[in-house]
Amino acid sequence: MSYNGYITEQRIEGGDDGPLAGKTVAVKDNISTDGVVTTCGSAMLAEYEPPYDATVVERLLDAGAAIPGKTNMDEFGMGTTTETSAFGATENPTAPGHVPGGSSGGSAAVVAAGDADMALGTDTGGSVRCPAAFCGVVGIKPTYGLVSRYGLIAYANSLEQIGPLAPTVEEAAELLEVIAGPDENDATTRDAREQGATYEYAAAADGDVEGLEIGIPTELLDGADEGIVETFWDAIDDLESAGASYHEVSLPSLEHAVEAYYVIAMGEASSNLARFDGVRYGVSGGYEGNWNDSFARSRDEGFGEEVKRRVLLGTYALSAGYHDKYYRKAQDARAWIKQDFDEALDEADVLASPTMPVPPFELGESLEDPLKMYLADANTTPINLANLPAISVPAGETDDGLPVGMQFVGPAFGEEQIIRAGSALA
Ligand code: GLN
């Protein structure tokens, strides 16, 4: 496959019937599949075969879906372009010559190219929504606790959720219905029914936005490219014609979201990735009389540059003496962001913004400049910090024909609201 969407193409058959019978659902390569290589896009795990299925994989197979393969991704989910994969970059099938977004770029690409009906990705700071926006498909980041993370190889546990990618809002919602719900193997899962929701997500994709009140956080438009902002307002006009109304709202805490996100994500990553030492997991560093040398060799060989950068920064931010200066401050910012969102959602049914402030980068463009890549996450990371649900739907194109995504954010366990709003556009 010329655009390099899959790391492993190996079909896993599902049950005979169920809501996804006859459908193919590609799975991001950080989600465990029993006996099928699961690499996380890393040389460290190039030959790792998990001994069990992730809960979401079990649910897919029980629902009758077949898994056509494991999709390419930024190494351990660390990236916004799918270029940090040890297995080569994925090209955007909708915008050749450009990145598909990341880190679930392979999942979005195989859906956009029609090589899978739907796909699962993971979203720690935007990794489902960004590639959905860049490839012109739909992606949902569920409320924290709606979908089990059991069998997901962790990057930053307190931020991430597994979420669906599909060509339409209705199909993404169908897939969400299959994977959502409590799991005794993941104590952070919640029963959405106890939060006033129904799990009837596909039925919510009815396009009915009569009376819907949309809040537009001005901070999420400020840094966006002109072509993106124009497309965004055209989409808001369409929603207004369909009976919705909108108001602008200021969330001053959002200015600190990217910084807070990267401190927290890198801190959690440095701790999670400690298990890859060539003894418990990962490529062997050999043994010549000193275990420290052995671990160092394993990690030097197994990890790529972006992963090393984050483990170093995360370890630094958590270390004694710096913990209060960085990690504690980031947690304070996180609490403030959550409070700002709660207040804004008291006055609105959903919030709307461009998913990404920029159109898809050209291949190679952002690799030189990690900061540029981190700043592209300005509109997606706040949602993970606040543990809220969000959807990205295609909103149109820039003048150069590049896809633009629109993001709707809902209250906790308000998936039905964002699905309804999104379905009015796509
Ligand atoms: N781009 C963000 C990061 O690199 C988000 C990644 C993700 O959601 N997995 O951390």
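No experiment lies behind these values; they were computed from the predicted model shown.

### So, the overall build of the protein chain
Of regular secondary structure, the protein chain possesses 13 helices and 11 strands. Its C-alpha radius of gyration of 20 Å places the protein chain within 12% of the 22 Å reference for a compact globule of 426 residues. With the C-alpha coordinates of the protein chain rotated into their principal frame, the extents come out at 70 × 55 × 45 Å. Going through the 426 residues of the protein chain one by one, you find that 58% of them count as buried. Counting every atom, the protein chain has about 15800 Å² of accessible surface; 46% of that belongs to carbon and sulfur. Taken together, the 24 basic and 71 acidic charged side chains of the protein chain have centroids lying 10 Å from each other.

### A few points about the sheet that holds strand S8 (residues 245-249)
Pairing within the open sheet is mixed, and its 11 strands lie in the order S1-S3-S2-S4-S6-S5-S10-S11-S9-S7-S8. Each edge of the open sheet is held by one strand with a lone partner, namely strand S1 (6-8) and S8. Of the strand pairs in this sheet, strand S7 (residues 213-217) and S8 are connected by 5 bridges, and their pairing is parallel. Bridge pairing in S8 places isoleucine 214 opposite tyrosine 246. In this fold helix H1 (residues 55-62) packs onto strand S2 (25-28), strand S4 (118-123) and strand S6 (161-166), with an angle of close to 175° to the strand it touches most, S2. The sheet strands contacting helix H2 (residues 105-112) are S1, S2, strand S3 (70-71), S4 and S6, and the helix crosses S4 at an angle near 160°.

### Here we look at the pattern of salt bridges
According to the stated counting rule, one finds 12 salt bridges in the structure shown. The residue glutamate 13 makes a salt bridge to arginine 11 at a minimum N-O spacing of 2.6 Å. One exposure class covers both glutamate 13 and arginine 11, and it is exposed. Measuring nitrogen to oxygen at the nearest pair gives 3.1 Å for the salt bridge that ties lysine 308 to aspartate 300. The class of lysine 308 is partly exposed, set by a relative accessible area of 28%. One salt-bridge network, held together by shared partners, links Glu306, Arg309 and Arg310.

### Describing the side chain of serine 32
Tracing the sequence through the fold places serine 32 in the loop between S2 and H1. There is a polar contact of 2.7 Å between the side chain of serine 32 and the backbone oxygen of glycine 151. In this view, serine 32 contacts Thr38, Pro50, Tyr52, Asp53, Ala54, Val57, Gly151 and Ile153; residues no more than four positions away in its chain are not counted.

### Notes on the site of the ligand
Lining the immediate surroundings of the ligand are 15 residues, of which Thr124, Gly125, Ser127, Tyr155 and Tyr261 lie closest. Compared with its free state, where it exposes 290 Å², the ligand has 99% of that area covered by protein. Counted by class, the shell around the ligand contains 4 nonpolar, 8 polar and 3 charged residues.

### Re helix H8 (residues 291-302)
For H8, spanning 12 residues, the distance from its first C-alpha to its last is 16 Å, which sits close to the expected 16 Å at 1.5 Å a residue. Looking only at H8, the buried set comprises Ser294, Ser298 and Gly302. Projected onto a plane normal to the axis of H8, the buried residues spread over an arc of 45° and lie on a single side. Every exposed residue of H8 that faces more than 90 degrees away from the buried side is listed here: Asn292 and Asp300.

### Section: the side chain of aspartate 29
Here aspartate 29 is to be found in the loop between S2 and H1. Taking relative accessible area as the criterion, aspartate 29 reaches 0% and is therefore assigned buried. Reaching out from aspartate 29, the side chain makes a polar contact with the side chain of lysine 70 at a distance of 3.1 Å. Filtering out sequence-adjacent residues up to four positions away, aspartate 29 remains in contact with Ile7, Val37, Thr38, Thr39, Cys40, Lys70, Thr71 and Met73.

### Observations concerning the nonpolar core
Ranked by internal contacts, the top residues of the largest apolar core, which has 63 residues, are Leu60, Met406, Phe408 and Ile419. No other element matches the 7 residues that helix H4 (residues 169-179) contributes to this core. In contact with phenylalanine 408, other than residues within four places in its own chain, are Leu239, Val350, Leu351, Ala352, Pro389, Ala390, Ile391, Val393, Ile418, Ala421, Gly422 and Leu425. By size, the runner-up hydrophobic cluster in this structure holds 45 residues, among which are Leu220, Leu251, Met266 and Leu385.

### Considerations on the confidence of the model for the protein chain
Scored by pLDDT, the protein chain has a mean of 97; 100% of the residues are at 70 or more. The spread of mean pLDDT over the elements of the protein chain runs between helix H11 (residues 370-375), the lowest at 85, and S2, the highest at 99.

### Remarks on helix H7 (residues 257-272)
With 16 residues, H7 should reach 22 Å at 1.5 Å per residue; the first-to-last C-alpha distance of 22 Å fits that figure. Among the 16 residues that make up H7, 13 are buried, leaving the element largely enclosed by the rest of the structure.

### A word on unusual backbone geometry
Of the consecutive residues glycine 102 and serine 103, the connecting peptide bond is found in the cis state with omega at 5°. The topology assignment puts serine 103 in the loop between S3 and H2. In this structure, tyrosine 199 is a non-glycine residue whose phi angle is positive, near 70°. Within the secondary structure, tyrosine 199 sits in the loop between H4 and S7. Residue classification places tyrosine 199 among the buried residues on the basis of a relative accessible area of 11%. Backbone geometry places phenylalanine 413, a non-glycine residue, at a positive phi of 60°. Taking relative accessible area as the criterion, phenylalanine 413 reaches 11% and is therefore assigned buried.

### Topic: the packing of aromatic side chains
Taken as a whole and judged by the stated rule, the model has 17 aromatic pairs. Aromatic pair tyrosine 48 and tyrosine 281: ring centres 5.8 Å apart, planes at 85°, arrangement edge-to-face. Of this pair, tyrosine 48 sits in the loop between S2 and H1 while tyrosine 281 sits in the loop between H7 and H8, and the two are 233 residues apart along the sequence. For the ring pair phenylalanine 134 and phenylalanine 361, a centre distance of 6.3 Å and an interplane angle of 90° mean the geometry is edge-to-face. Of the two residues, phenylalanine 134 is situated in helix H3 (residues 129-135) and phenylalanine 361 in the loop between strand S9 (350-354) and H11; the sequence distance between them amounts to 227 residues. Here phenylalanine 134 matches phenylalanine 361 in class, with each residue buried. A connected cluster of aromatic rings, assembled from ring pairs, spans Tyr48, Phe76, Phe276, Tyr281 and Phe303.

Criteria and thresholds
- Residues numbered from 1 in each chain as written.
- Predicted model: local features only at pLDDT ≥ 70, side-chain atom pairs only at ≥ 80, totals over all residues.
- Heavy atoms only, no water.
- Helix = DSSP H or I, 4+ residues; strand = E, 2+ residues; numbered from the N terminus.
- Rg over C-alpha atoms; globule rule 2.2 N^0.38 Å.
- Buried < 20%, exposed > 50% of the residue type's maximum accessible area, 1.4 Å probe, protein only.
- Areas by Shrake-Rupley, 256 points an atom, 1.4 Å probe, with all protein chains shown as cover.
- Lys, Arg positive; Asp, Glu negative; His and termini not counted.
- Charge placed at Lys NZ, Arg CZ, Asp CG, Glu CD.
- Pairing = 2+ DSSP bridges.
- Contact = heavy atoms within 4.5 Å.
- Axes fitted to C-alpha atoms, helices over the stretch in contact; angles between N-to-C directions.
- Salt bridge = Lys/Arg side-chain N within 4 Å of Asp/Glu carboxyl O.
- Polar contact = N/O pair within 3.5 Å; in protein donor to acceptor, adjacent residues only side chain to side chain.
- Near = heavy atom within 4 Å.
- Nonpolar A, V, L, I, M, F, W, Y, C, P; charged D, E, K, R; others polar.
- Expected span 1.5 Å × (residues − 1).
- Arc of directions from axis to C-beta.
- Core = buried A, V, L, I, M, F, W, Y, C linked by side-chain atoms within 4.5 Å.
- pLDDT = per-residue confidence, 0-100.
- Phe/Tyr/Trp six-rings, centres within 6.5 Å; stacked < 30°, edge-to-face > 60°.

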